[in-house]
Amino acid sequence: TTEIYTLSLHDALPILATLVQEARAITLSSGLDYILSLFLEVEKILKDNTTVNMPIETRKLQIFPVRKVGSVTGYDSLLSAESASEWFIADCSHFHRSFVGKIPLLALDVSDIGRLKRLLQRAGVEKRRLSIVSNGSAQTNGRVSFLDAETKALRSKVNSILRSVI
């Protein structure tokens, strides 16, 4: 038989405290893989224990690897959740493609960011997710040409289309 093991709250708190202590030691020379693995371990604790919260002090820790404008690999700085500096989380691939190198972004892959939902929420950086802070408005660049014949044909078929839909 396969035994499923989940941490009790009693077990989780000391492990989380150890992981937060490890996070305090993150520096600019820390590898991105190491930071991600640490974040994933914290995520496991948060996933198994819905009542466990991140210590408030973690919001002040400069542990989030951020790529500055112009950078597309590695990371340039470590920022905190409460940092006054502007930085964002590209939590969807289309945001990453659109904004990488143009604005400061969390230096993790979109797929990895998807695996860190609880950590990002409880660490207080949820408000930096581009899917939350962005709003789209379509703008036309260049010359616009209307398709008059096609528009007229579609308009003549509107009532038929609406009858079949309704």
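Residues numbered from 1 in each chain as written. Predicted model: local features only at pLDDT ≥ 70, side-chain atom pairs only at ≥ 80, totals over all residues. Heavy atoms only, no water.

**Considering the overall build of the chain**
Inference 1: Along its length, the chain carries 8 helices and 3 strands.
Inference 2: Secondary structure elements of the chain occur, N-terminal to C-terminal, as α-α-β-β-α-β-α-α-α-α-α.
Inference 3: Computed over the C-alpha atoms, the radius of gyration of the chain is 23 Å, more than 25% above the 15 Å expected from 2.2 N^0.38 for a compact globule of 166 residues.
Inference 4: With the C-alpha coordinates of the chain rotated into their principal frame, the extents come out at 70 × 45 × 30 Å.
Inference 5: Expressed as a percentage of the 166 residues in the chain, the buried residues total 35%.
Inference 6: Here the contacts in the chain between residues at least 6 apart in sequence split such that 64% fall between residues at least 24 apart.
Inference 7: Surface summary for the chain: the accessible area is close to 11,000 Å², and the carbon and sulfur share equals 54%.
Inference 8: Taking the average location of the 21 positive side-chain charges in the chain and that of its 17 negative ones, the two points are 11 Å from each other. (Helix = DSSP H or I, 4+ residues; strand = E, 2+ residues; numbered from the N terminus. Rg over C-alpha atoms; globule rule 2.2 N^0.38 Å. Buried < 20%, exposed > 50% of the residue type's maximum accessible area, 1.4 Å probe, protein only. Contact = heavy atoms within 4.5 Å. Areas by Shrake-Rupley, 256 points an atom, 1.4 Å probe, with all protein chains shown as cover. Lys, Arg positive; Asp, Glu negative; His and termini not counted. Charge placed at Lys NZ, Arg CZ, Asp CG, Glu CD.)

**Observations regarding the side chain of Ser30**
Inference 1: Of note, Ser30 is situated in the loop between helix H1 (9-24) and helix H2 (32-48).
Inference 2: Among all residues touching Ser30, those that are not within four sequence positions of it are Ala25, Ile35 and Tyr75.

**Things to note about the sheet that holds strand S3 (residues 105-106)**
Inference 1: The 3 strands lie next to each other as S2-S1-S3, forming an open sheet whose pairing is antiparallel. Every interior strand has two partners, whereas the edge strands, strand S2 (77-79) and S3, have only one.
Inference 2: As paired elements, strand S1 (residues 64-67) and S3 share 2 bridges and run antiparallel to each other. When the sheet's bridge partners are listed, Val66 is paired in S3 with Leu106.
Inference 3: Lying on the sheet, H2 is in contact with S1 and S2; it crosses S1 at an angle near 135°. (Pairing = 2+ DSSP bridges. Axes fitted to C-alpha atoms, helices over the stretch in contact; angles between N-to-C directions.)

**Here's the deal with the packing of aromatic side chains**
Inference 1: What the rule picks out here adds up to 3 aromatic pairs.
Inference 2: Look at Phe39 and Phe64: their rings are 5.6 Å apart centre to centre, the planes differ by 50°, and that puts the pair in the tilted class. With a gap of 25 residues between them, Phe39 in helix H2 and Phe64 in strand S1 connect regions that are remote in the sequence. Neither Phe39 nor Phe64 differs from the other in exposure class; each is buried.
Inference 3: Taken together through their ring pairs, the aromatic side chains of Phe39, Phe64 and Trp87 make up a single cluster. (Phe/Tyr/Trp six-rings, centres within 6.5 Å; stacked < 30°, edge-to-face > 60°.)

**Re the pattern of salt bridges**
Inference 1: Tallying each qualifying case throughout the model produces 7 salt bridges.
Inference 2: Between Lys44 and Glu41 there is a salt bridge, with its nearest N and O atoms 3.0 Å apart. Residue Lys44 and its partner Glu41 are located together in helix H2, separated by 3 residues, close to a single helical turn.
Inference 3: For Lys44, a relative accessible area of 47% translates into the label partly exposed.
Inference 4: Residue Glu41 is classed as partly exposed on the basis of its relative accessible area, which comes to 36%.
Inference 5: Across the pair Glu82 and Lys60 runs a salt bridge, and its minimum N-O distance is 3.2 Å. In this pair, Glu82 sits in the loop between S2 and helix H3 (93-99) while Lys60 sits in the loop between H2 and S1, placing the two residues 22 residues apart along the sequence. (Salt bridge = Lys/Arg side-chain N within 4 Å of Asp/Glu carboxyl O.)

**A closer look at H2**
Residues separated by three or four positions in an α-helix point in the same direction, a consequence of the helix having 3.6 residues per turn.
Inference 1: For H2, built from 17 residues, the straight-helix expectation of 24 Å at 1.5 Å per residue is met to within 8% by its first-to-last C-alpha distance of 24 Å.
Inference 2: Residues Ile35, Leu36, Leu38, Phe39, Leu40, Val42, Glu43, Ile45 and Leu46 constitute the buried set of H2. (Expected span 1.5 Å × (residues − 1).)

**As for the nonpolar core**
In summary, soluble globular proteins display a tendency toward joint burial of nonpolar side chains.
Inference 1: Grouped together as the largest cluster of nonpolar side chains are 35 residues, with contacts concentrated most on Phe39, Phe64, Trp87 and Leu116.
Inference 2: Of all the elements in the fold, those that place two or more residues in this core are H1, H2, S1, S2 and helix H5 (117-122).
Inference 3: Sorting elements by how many residues they give to this core places H2 first, with 8 residues.
Inference 4: The residues contacting Phe39, other than those within four sequence positions of it, are Ile63, Phe64, Pro65, Leu108, Leu116 and Leu119.
Inference 5: The next biggest cluster of nonpolar side chains, apart from the first, holds 5 residues, and it includes Phe88, Ala90, Phe95 and Leu130. (Core = buried A, V, L, I, M, F, W, Y, C linked by side-chain atoms within 4.5 Å.)

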